Amino acid sequence: MKEQILQAKKDVVAEILGNINNAQAMVLVEYRGLTVAELTELRKKYRESGVNYKVYKNTMMQLAFKEAGLEDFCEHLTGPNAIAFGMDDPASVAKITQDFAKEHEKLIIKAGVVDGEVIGLDKIKSLASLPSKEVLIAQVLGGLNAPIQGFANVLNGTLSSLVYALNAIKEQKEEAA
């Protein structure tokens with residue numbers, strides 16, 4: 001019986017560790033005081049954005065975070081906690097959490113992890129203010145397109161000038177003839 005319990009705990013730690021290793025960003029929240037409906041709404045928002053939201057025992061999270069080399073994160077593991085793992089877009093997990101915390105004051109953002117670095121509330125807020133990955137890609141592509149567009153306009157203007165000059169030469173030769 002003890003071996004089964006120990007194995008179950010090892011499986012939970014392995015699951016948490018797998019989420020830590022696969023996540024681009026994580027946010028730890030305290031959900032005390034939120035209603036079931038509010039938690040369901042938060043879970044739905046996370047799920048729609050590809051964020052994995054889980055409630056684990058603090059001791060299991062401590063073991064996993066220590067094994068992952070994130071001992072500093074363990075100091076935030078007090079009280080009833082849940083953790084959101086942003087698998088695709090690091091800004092999405094912070095943005096959803098920050099927006100939800102603005103609407104529901106009982107959701108407390110404790111800490112986060114981005115690129116293996118433990119971050120505080122201020123950095124989570126700045127991460128949440130970043131545009132989404134799709135918007136950033138569009139901005140980069142727009143920035144790359146602008147010089148090409150300008151070059152095409154210059155070439156077009158040069159060709160137009162050449163056509164006008166050739167047309168003027170043609171007209172002069174016709175008048176001379």
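Residues numbered from 1 in each chain as written. Predicted model: local features only at pLDDT ≥ 70, side-chain atom pairs only at ≥ 80, totals over all residues. Heavy atoms only, no water.

(A) Region of the structure containing the environment of Arg43. The topology assignment puts Arg43 in helix α2 (residues 36–48). Overall, Arg43 belongs to the partly exposed group, its relative accessible area being 35%. For the pair Arg43 and Lys54, spaced eleven residues apart in sequence, the C-alpha to C-alpha distance is 9.1 Å. Apart from residues no more than four positions distant in its own chain, Arg43 is found in contact with Tyr53 and Val55. (Helix = DSSP H or I, 4+ residues; strand = E, 2+ residues; numbered from the N terminus. Buried < 20%, exposed > 50% of the residue type's maximum accessible area, 1.4 Å probe, protein only. Contact = heavy atoms within 4.5 Å.)

(B) Summary view of the packing of helix α4 (residues 90–103) against helix α5 (residues 121–128). Viewed as axis vectors pointing N to C, α4 and α5 meet at an angle of 105°, and their least axial separation amounts to 8 Å. Put simply, α4 runs roughly perpendicular to α5. Of α5, the residues touching α4 (which contributes Pro90, Ala91, Ala94, Lys95 and Gln98) are Ile124, Lys125, Leu127 and Ala128. A breakdown of the residues in the contact of α4 with α5 according to their chemical character gives six nonpolar, one polar and two charged. (Axes fitted to C-alpha atoms, helices over the stretch in contact; angles between N-to-C directions. Parallel < 35°, antiparallel > 145°, perpendicular 65-115°, else oblique. Nonpolar A, V, L, I, M, F, W, Y, C, P; charged D, E, K, R; others polar.)

(C) Local environment of α5. All buried positions along α5 are accounted for by Ile124, Leu127 and Ala128. In an axial view of α5, the angular spread of the buried residues amounts to 100°, which keeps them on one side of the axis. For α5, the secondary structure elements touched by its buried residues are β1 (25–30), α4, β4 (108–114) and β5 (117–119). (Arc of directions from axis to C-beta.)

(D) Highlighting helix α1 (residues 2–22). Between its terminal C-alpha atoms α1 stretches 30 Å, which fits the 30 Å expected from 21 residues at 1.5 Å a residue. By the burial criterion, the buried members of α1 are Val13, Ile16, Leu17, Asn19 and Ile20. The buried residues of α1 occupy one face: seen down the axis, they fall within an arc of 160°. Residues of α1 that are exposed and point over 90 degrees away from its buried face: Glu3, Gln4, Asn21 and Asn22. Looking at the buried residues of α1, the elements they touch are β1, β2 (51–54), α3 (58–67) and β3 (81–86). (Expected span 1.5 Å × (residues − 1).)

(E) Inspection of the pairing of β2 at higher detail. Residue alternation in β2 divides its side chains into a buried set, Val51 and Tyr53, and an unburied set, Asn52 and Lys54. In the sheet, β2 pairs with β3 via four bridges, with the strands oriented antiparallel. Bridging across to β3, Val51 finds its partner in Gly86. (Pairing = 2+ DSSP bridges.)

(F) Looking closely at the pairing of β3. With six of its six residues buried, β3 lies for the most part within the structure. As judged from the six bridges shared by β1 and β3, these two strands associate in the antiparallel manner. Within β3, the residue paired with Val27 across the bridge is Ala84.

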